[in-house]
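Chains, contacts and geometry: an overview
Residues per chain, in single letters:
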Amino acid sequence: MDKTRHYQGNPQKNSPALGATLAYLGVNGLLALLHGSQGCSSFIRLQLSRHYKEPIPLNSTALLEDSVIFGGWEHLKKGIAVAADKYKPQIIGVMSTGLTETFGDDMVSALSSLRSERPDLLDLPVVLASTPDYIGSMQEGYQRTVEALITTLAGHSAKTKEQSASSSGFNLNEDPALSIALLPGCHLTPGDVDELKEIVMEFGFRPITIPDLSISLDGHAELEAAPVVQGGTLLEDFQRLAMSKACLSFGLSMEKAGETVRKSYEIPHYNFPSITGLTATDTFVLTLAKISGKPIPAKLLRQRSRLLDTLADFNDQLGGLKIAIALEMDLLYSLASCLVEVGAELSVALSASQANIHTLSLPIPIEVGDLETLEDRAAQSTLIIANSNGRQAAGLLKLPHLRAGLPVFDRVGYPQKRWIGYEGTQQFLFDTLNSVG
């Protein structure tokens, strides 16, 4: 008999504020400021630093008990002012928490009040993202923050046309129609974002990636840790969104952000719920060929040929797998739909939140569940795919465990892994087979 639980036994989801932090970490020169307690920011830094093996620049308004009673309005004003004066960031990105949202802090009014008191801060772009813990998981916080970045920064004028061009490497004589906007979801690794950009450039486009983790959290060496983000999307890139030939968003959670770009600048928008798997990658590549008016590059055709050979070589082994998967919704759908395409059977599909749960379909129902649910339901599976916290369930059930999602802290090189495109799909299938072999 099924037992009903009224608690989260071993949660698999991360907080929306962590997702917001991740989005901010892809914007160059930005100082991230969490409007909440010091403990919340410390936990987010811990999760992200374990995953990326990098120092995470995140500040906090450091609310205490009296702030909860009397409100954190003045704390937020002071936090923005101190950050601006001390660190001189190009941008400040603020995200709320369940604590501040529950007692109703009005971040917009606080910022307006601060600017009336400090006219010298009028030109400093400040992005405000509402990310309380009760809206869902990391994916929802990331999504809201990307939308806030676009709506706030795209309208913020650059210093001069010449400075904008020189600082971003943009050639003033270059055809603006060569630019294309990319909105990667939080389920893509820095390696995935790099792959996205490489594929787009094969068609002659210059990608404007928002946010761009491939040059901020890609594991490059820095001489010293900095309080602001080093690398990522430039402020000037946001102003050039209007010149893009099209906007491409990746993951169904990013569809709304892509529609914001479409409506604001009247450019075509294409959403790709997945770019892992043969069919999904074909759809992406054919769309790029259509937009560019160019044939598919030989490099991509060669990669596709290698993937087809892999499918032919290992079809019988892939078809015998029974897989339990527990991830954020966009990543769950990307990997699960690829596995279904190659003939594997899904035994369990557990999402971290309700996001698009009735929109994305798989051969079995997608359910919201924690890692204790995974432990209860995955006993008859061949393989578990989950983040590193799924290791307890895999250990108890004596099943192989392929790490995916966030956090992954007990495997080396995860941020550089590629799961998308023809090559990423091929590597994912190799990893799947090697995990059970």
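Keep in mind it's a predicted model, so treat the numbers as computed, not measured.

So, the side chain of Ser-249
When you line up the elements, Ser-249 lands in strand E7 (residues 247–250). Overall, Ser-249 belongs to the buried group, its relative accessible area being 0%. In this structure the side chain of Ser-249 is engaged in a polar contact, spanning 2.7 Å, whose partner is the side chain of His-269. Within the local environment of Ser-249, its side chain forms a polar contact with the side chain of Asn-271, the two groups lying 2.8 Å apart. Not counting residues up to four positions away in its chain, the partners in contact with Ser-249 are Leu-183, Met-254, Glu-255, His-269, Tyr-270, Asn-271 and Phe-272.

Side note on the environment of Cys-338
With respect to the helices and strands, Cys-338 occurs in helix H14 (residues 329–341). For Cys-338, a relative accessible area of 0% puts it in the buried group. Along the backbone, Cys-338 and Phe-428 are 90 residues apart, and their C-alpha atoms lie at a distance of 9.3 Å. Leaving out residues up to four positions away in the same chain, Cys-338 has contacts with Thr-276, Gly-277, Thr-425, Phe-428 and Leu-429.

Brief notes about the packing of aromatic side chains
According to the stated counting rule, one finds six aromatic pairs in the structure shown. Seen in terms of ring centroids, Tyr-414 and Trp-419 are 5.9 Å apart; in terms of plane orientation they differ by 55 degrees. Their pairing is tilted. A relative accessible area of 5% places Tyr-414 in the buried class. Relative to Phe-428, the ring of Trp-419 lies with its centre 5.6 Å away and its plane at 45 degrees, an arrangement referred to as tilted. In this structure Trp-419 comes out as buried when scored by relative accessible area, which is 3%. Through successive ring pairs, a cluster of aromatic residues spans Phe-250, Phe-272 and Phe-284. Between the NZ or CZ atom of Arg-50 and the centre of the ring of Phe-409, over which it lies, the distance is 4.0 Å.

Points about the packing of helix H4 (residues 73–87) against helix H6 (residues 107–117)
Where H4 contacts H6, the two axes come as close as 9 Å, and the packing angle between them is 55 degrees. By the angle class used here, H4 and H6 are oblique. Note on packing geometry: the crossing formed by H4 with H6 is right-handed. Taking contact as the criterion, the partners of Trp-73, Leu-76, Lys-77, Ile-80 and Ala-81 in H4 are, on H6, Met-107, Ser-109, Ala-110, Leu-111, Ser-113, Leu-114 and Glu-117.

A look at the confidence of the model for the protein
Low-pLDDT stretches of the model should not have their predicted coordinates read in fine detail. Of the residues in the protein, 93% have a pLDDT of 70 or more, and the chain-wide mean is 92. In the model, residues 159–170 has pLDDT below 50 throughout and makes 15 contacts with residues more than four positions away in sequence or in other chains.

Overview of the pairing of strand E10 (residues 345–351)
Counting buried positions along E10 gives five out of seven residues, so the element sits mostly inside the fold. As paired strands, strand E9 (residues 322–327) and E10 are joined by six bridges and run parallel to one another. Residue pairing for E10: Ala-326 is matched across the bridge by Leu-350. Handedness of the E9-H14-E10 crossover: right-handed.

Things to note about the pairing of strand E12 (residues 383–386)
Both faces of E12 are covered, namely the face carrying Leu-383 and Ile-385 and the face carrying Ile-384 and Ala-386. Bridge analysis of E9 against E12 gives three bridges, and the strand direction is parallel. By the bridge assignment for E12, Ala-324 is matched with Ile-384. Direction of pairing for E12 relative to strand E13 (residues 401–403): parallel, over a ladder of three bridges. Directly across from Ile-384, in E13, lies its bridge partner His-401. At this point the chain moves from E12, through helix H16 (residues 391–397), to the parallel E13, and the crossover so formed is right-handed.

What counts and how
Residues numbered from 1 in each chain as written. Predicted model: local features only at pLDDT ≥ 70, side-chain atom pairs only at ≥ 80, totals over all residues. Heavy atoms only, no water. Helix = DSSP H or I, 4+ residues; strand = E, 2+ residues; numbered from the N terminus. Buried < 20%, exposed > 50% of the residue type's maximum accessible area, 1.4 Å probe, protein only. Polar contact = N/O pair within 3.5 Å; in protein donor to acceptor, adjacent residues only side chain to side chain. Contact = heavy atoms within 4.5 Å. Phe/Tyr/Trp six-rings, centres within 6.5 Å; stacked < 30°, edge-to-face > 60°. Lys NZ or Arg CZ within 6 Å of the ring centre and 35° of its normal. Axes fitted to C-alpha atoms, helices over the stretch in contact; angles between N-to-C directions. Parallel < 35°, antiparallel > 145°, perpendicular 65-115°, else oblique. Left-handed = near helix turned anticlockwise from the far one by under 90°. pLDDT = per-residue confidence, 0-100. Pairing = 2+ DSSP bridges. Right-handed = clockwise from strand over helix to strand, strands pointing away.

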